[in-house]
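Chain by chain, the residues run as shown.
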Amino acid sequence: MNVRRLIPATALAGAVALGVVSLSACSGTSDAADKGSDGKLDVVASFYPMQYLAEQIGGGHVAVNTLTRPGVEPHDLELKPRQIGELGEADVVLYLKGIQPAVDDAIAQAGVKNTVDAAALTKLEAHGTEVGHDHGHGEADHEDHGSEAGSDPHVWLDPVKYAEVAKGVGGALEKADPANAADYRKNTDALVKKLGDLNTEFETGLKNTATKTFITTHSAFGYLAERYGLEQEGITGIDPESEPSPARVRELQDIAKRDKVSTVFFETLASDKTAKTLAGDTGLRTDVLDPLEGITDKSEGRDYIEVMRSNLAALKTALGAK
């Protein structure tokens, strides 16, 4: 998670001030939201994992607008006054507290009522020193992002936890649009089944491997590693673009040799420089492990399930799955 590029408080305050009229209108809405002129429920999703849930569960009954466009690193998001206005006009705002400071602050300062915080729909856990050895990027940085102290917000990378979130989102859409509650329940059940099947694929695919350790520039995979009995080693903690210290490089070289690590993973929306440098120093190869914080232009036509299956294939190769 890139924590270095936080939104200046003064800039955010100005944007919120420009959008507060629209947002205050939302705060007076009832639980059953008024639909848009097209008869659909207007849903604003903060970034891709929330967008996917809204689209899969909402189906034809919702119109989903995403604050984070394809190719944009979600932590870098700066809200324009127009986007803040969209929050105020939405029937439902779906976000995950602790991922995007700009979104968290806009919602908190403007008092948006009809919001669904995905972080509140499952149990968050602390992933710090045991996955990335902290190195100054542990509890304090997560706390800066507005999540519980030491909590890891990357719940969507664990299909089981993501299914828990899906159930909560389904319930929220039912409440906002009771007339179509049956369809939301049906779609939620279908998505939960797909996520259950995905979980089974991961369990089966990663059951027997030559090593359980993988190295990644972005320590976003703590829940995934815990779910499938793996060990995540983050190069620099939660910031994928910072340079590892010489001591950390030596430590990772020792870990790679000891645990028969073959691959250094980097992500899609950040530079691969750190991964390639470490790989060159250790004689390892590089590959992509996508944290699915956003869909890139190159991901066109691929959704959450497909990208997660690509992650599984990459892990099986790197870990020597039998």
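All residue numbers refer to positions counted from 1 along the written sequence of the respective chain. Restriction of local features to residues with pLDDT of at least 70 applies here, the model being predicted, together with a cutoff of 80 or more for giving and counting side-chain atom pairs; totals for whole chains, interfaces and linings are based on all residues. Where side-chain values are given, they derive from all heavy atoms of the structure, hydrogens and water being excluded.

Description of the packing of helix α2 (residues 48-58) against helix α6 (residues 159-176)
Moving on, step 1. Fitted lines through C-alpha atoms serve as axes, helices being fitted only where they are in contact, and the angles separating the N-to-C directions of these axes extend from 0 to 180 degrees. Strands here are runs of E lasting at least two residues and helices are runs of H or I lasting at least four, both read from the DSSP assignment and numbered beginning at the N terminus. Running from amino to carboxyl end, α2 crosses α6 at an angle of 55°, the nearest separation of the two axes being 10 Å. Taken together, the axis directions place α2 and α6 in an arrangement best described as oblique. Along this stretch, α2 crosses α6, giving a crossing that reads as right-handed. Of α6, the residues touching α2 (which contributes Pro-49, Tyr-52, Leu-53, Ile-57 and Gly-58) are Tyr-162, Val-165, Ala-166, Val-169, Gly-170 and Leu-173.
Moving on, step 2. The class makeup of the residues in the contact of α2 with α6 is 9 nonpolar, 2 polar and no charged. An angle counts as roughly parallel when it lies under 35 degrees, as roughly antiparallel when it exceeds 145, as roughly perpendicular when it falls between 65 and 115, and as oblique in every other case. In this scheme the crossing of two helices becomes right-handed for a clockwise turn of the near helix relative to the far one and left-handed for an anticlockwise turn of less than a right angle. Only heavy atoms matter for contacts: two residues are in contact if any of them lie within 4.5 Å across the pair. Each residue gets one label: Ala, Val, Leu, Ile, Met, Phe, Trp, Tyr, Cys and Pro are nonpolar, Asp, Glu, Lys and Arg are charged, and the others, such as Gly, are polar.

Digging into the pattern of salt bridges
Moving on, step 1. What counts as a salt bridge is simple: a side-chain nitrogen of Lys or Arg found within 4 Å of a carboxyl oxygen of Asp or Glu. Under the definition given, this model contains 8 salt bridges.
Moving on, step 2. Lys-193 is paired through a salt bridge with Asp-197; the nearest N and O atoms lie 3.1 Å apart. Taken together, the residues span about one helical turn, with Lys-193 and Asp-197 both in helix α7 (residues 181-205) at a distance of 4 residues.
Moving on, step 3. Under the relative-accessibility criterion, Lys-193 is labelled exposed at 53%.
Moving on, step 4. Relative accessible area decides the class of each residue, using a 1.4 Å probe on protein chains only: under 20% of the type maximum gives buried, over 50% gives exposed, and in between gives partly exposed. Using a relative accessible area of 36% as the deciding quantity, one classes Asp-197 as partly exposed.

Topic: the packing of aromatic side chains
The geometry of an aromatic ring pair is captured by two quantities: the separation of the ring centres and the angle between the planes.
Moving on, step 1. Any Phe, Tyr or Trp ring, taking Trp's six-membered ring, that has another such ring centre within 6.5 Å forms a pair; planes under 30 degrees apart are called stacked, those over 60 apart edge-to-face, and the others tilted. Tallied over the full model, the rule gives 7 aromatic pairs.
Moving on, step 2. Relative to Phe-221, the ring of Phe-214 lies with its centre 6.4 Å away and its plane at 75°, an arrangement referred to as edge-to-face.
Moving on, step 3. Ring geometry for Phe-214 versus Phe-265: centroids 6.4 Å apart, planes at 75°, classification edge-to-face. Residue Phe-214 is found in strand β7 (residues 213-216), and its partner Phe-265 is found in strand β9 (residues 263-266); the two are separated by 51 residues along the sequence.
Moving on, step 4. Residue Phe-265 is classed as buried on the basis of its relative accessible area of 0%.
Moving on, step 5. Through pairs of rings, three or more aromatic residues link up here, namely Tyr-48, Tyr-52, Tyr-162 and Tyr-304.

What to know about the sheet that holds strand β4 (residues 115-117)
Moving on, step 1. Taken in spatial order, the 4 strands make up an open sheet running β2-β1-β3-β4, and their pairing is parallel. A strand with exactly one partner marks an edge of an open sheet, and here the two such strands are β2 (62-66) and β4. Pairwise comparison of adjacent strand axes, ignoring direction, gives a mean angle of 20° for this sheet.
Moving on, step 2. The pairing of strand β1 (residues 41-45) with strand β3 (residues 92-95) spans 3 bridges and is parallel. Among the inter-strand pairings, Val-44 is bridged to a residue of β3, identified as Val-93.
Moving on, step 3. Along the sheet, α2 makes contact with β1, β2 and β3, crossing β2 at roughly 170°. A pair of strands counts as paired when DSSP detects no fewer than two bridges linking them.

Details of α6
Moving on, step 1. Take the number of residues in a helix, subtract one, and multiply by 1.5 Å to get its expected span. In this model α6 runs 25 Å from its N-terminal to its C-terminal C-alpha over 18 residues, within 8% of the 26 Å that 1.5 Å per residue would give.
Moving on, step 2. For α6, the N-terminal capping position is held by Asp-158, with its side-chain oxygen 2.9 Å away from the main-chain nitrogen of Val-160. Within 3.5 Å is the distance limit for a polar contact, defined as a pair of N or O atoms, with the added protein rule that one can donate a hydrogen and the other accept it, and that residues adjacent in sequence qualify only through two side-chain atoms.

Considerations on the side chain of Gln-100
Moving on, step 1. As for its placement among the helices and strands, Gln-100 is situated in the loop between β3 and α4 (101-110).
Moving on, step 2. For Gln-100, a relative accessible area of 3% gives the class buried.
Moving on, step 3. Apart from the residues within four sequence positions on either side, Gln-100 is in contact with Ser-46, Phe-47, Thr-68, Pro-74 and Leu-77.

Quick look at helix α11 (residues 304-319)
Moving on, step 1. Relative to the 22 Å expected for 16 residues at 1.5 Å per residue, α11 spans 22 Å between its end C-alpha atoms, a close match to the ideal helical length.
Moving on, step 2. Along α11, the residues classified as buried are Tyr-304, Ile-305, Val-307, Met-308, Asn-311, Leu-312, Ala-314, Leu-315, Ala-318 and Leu-319.
Moving on, step 3. The opening residue of α11 is Asp-303, an N-cap whose side-chain oxygen sits 3.2 Å from the backbone nitrogen of Ile-305.
Moving on, step 4. Note on α11: the residue one or two positions beyond its end, Gly-320, has a positive phi of about 70°.

As for the environment of Tyr-95
Moving on, step 1. Of note, Tyr-95 is situated in strand β3.
Moving on, step 2. When its relative accessible area of 10% is taken as the criterion, Tyr-95 is described as buried.
Moving on, step 3. Spatially, the C-alpha atoms of Tyr-95 and Met-50 are 6.3 Å apart, while their sequence positions differ by 45 residues.
Moving on, step 4. The contact partners of Tyr-95, leaving out residues within four places of it in the chain, are Ser-46, Met-50, Val-103, Asp-104, Ile-107, Thr-115, Val-116, Asp-117 and Ala-118.

Some thoughts on the sheet that holds β7
Moving on, step 1. The strand order across the open sheet formed by 4 strands is β8-β7-β9-β10, and the pairing between neighbours is parallel. The open sheet is flanked by β8 (231-234) and β10 (285-288), the only strands paired with a single partner. Shown here is a sheet whose adjacent strand axes are inclined to one another by a mean of 35°, direction ignored.
Moving on, step 2. This element, helix α10 (residues 273-282), spans β7, β9 and β10 of the sheet and lies at about 170° to β9.
Moving on, step 3. Along the sheet face, α11 touches β7, β9 and β10 and points at about 160° away from the line of β10.

As for the confidence of the model for the protein chain
Moving on, step 1. Per-residue pLDDT for the protein chain has a mean of 80; in total, 76% of the residues score no lower than 70.
Moving on, step 2. The predictor reports its confidence for every residue as pLDDT, a score running from 0 up to 100. Mean pLDDT across the elements of the protein chain ranges from a minimum in helix α5 (residues 139-144), with 35, to a maximum in α7, with 98.
Moving on, step 3. Low pLDDT (under 50) marks residues 129-149, which in the prediction has 52 contacts with non-local residues, meaning those over four places away or in another chain.

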